[in-house]
Amino acid sequence: MTRATLTPETVTLHVPFRIVKRGGRKEMQMPEGATQPRRADSTLVKALARAFRWKRMLESGDFVTIAELAEREGIAPSYMTRVLRLTLLAPDIVEAILDGKQGPEVTLARVMEPLPVEWSKQRLQLD
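**So, the environment of Ser 42**
Mapped onto the elements, Ser 42 comes out in helix α1 (residues 42-60). We classify Ser 42 as partly exposed; its relative accessible area is 34%. For the pair Ser 42 and Ile 97, spaced 55 residues apart in sequence, the C-alpha separation works out to 9.3 Å.

**What to know about the nonpolar core**
Ranked by size, the top nonpolar core spans 23 residues in total, and within it Trp 54, Leu 86, Leu 89, Ile 97 and Val 111 carry the most contacts. Counting only elements with at least two residues in this core, the list comes to α1, α2 (66-73), α3 (77-84) and α4 (91-99). Here this core gets six residues from one element, more than from any other, and that element is α1. The residues contacting Leu 89, other than those within four sequence positions of it, are Leu 48, Val 94, Ile 97, Val 111, Leu 115, Trp 119 and Gln 122.

The rules behind these values
- Residues numbered from 1 in each chain as written.
- Predicted model: local features only at pLDDT ≥ 70, side-chain atom pairs only at ≥ 80, totals over all residues.
- Heavy atoms only, no water.
- Helix = DSSP H or I, 4+ residues; strand = E, 2+ residues; numbered from the N terminus.
- Buried < 20%, exposed > 50% of the residue type's maximum accessible area, 1.4 Å probe, protein only.
- Core = buried A, V, L, I, M, F, W, Y, C linked by side-chain atoms within 4.5 Å.
- Contact = heavy atoms within 4.5 Å.

Structure representation (structure tokens):
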């Protein structure tokens with residue numbers, strides 16, 4: 001009994017995409033109009049978690065000043081102040097970040113820049 005030799009059929013698939021850096025990671029960016037499942041940016045999520053944790057610690061009275069808390073955390077007070085600004089983001093922006101649905105322009109560097117306190121102005125500036 002002889003076995004027939006299978007001839008592999010080759011299928012070539014062309015998927016247009018480009019590699020972009022986002023939050024210190026490389027991601028595939030699909031072409032305009034293509035849907036791509038998003039994952040939460042872990043760098044942004046960690047920064048948000050730290051910001052709200054530090055805010056809670058300050059509000060509870062465990063630490064009197066940002067400088068005191070920054071010393072305990074081993075970071076510069078100026079950095080802590082910039083991260084604490086994340087607690088002033090509009091709730092829908094925070095939710096979008098946690099769900100991974102924020103736009104590509106919403107990066108950690110971008111949200112740590114001074115933003116307006118008014119939520120409507122934040123949305124306009126981050127769009």
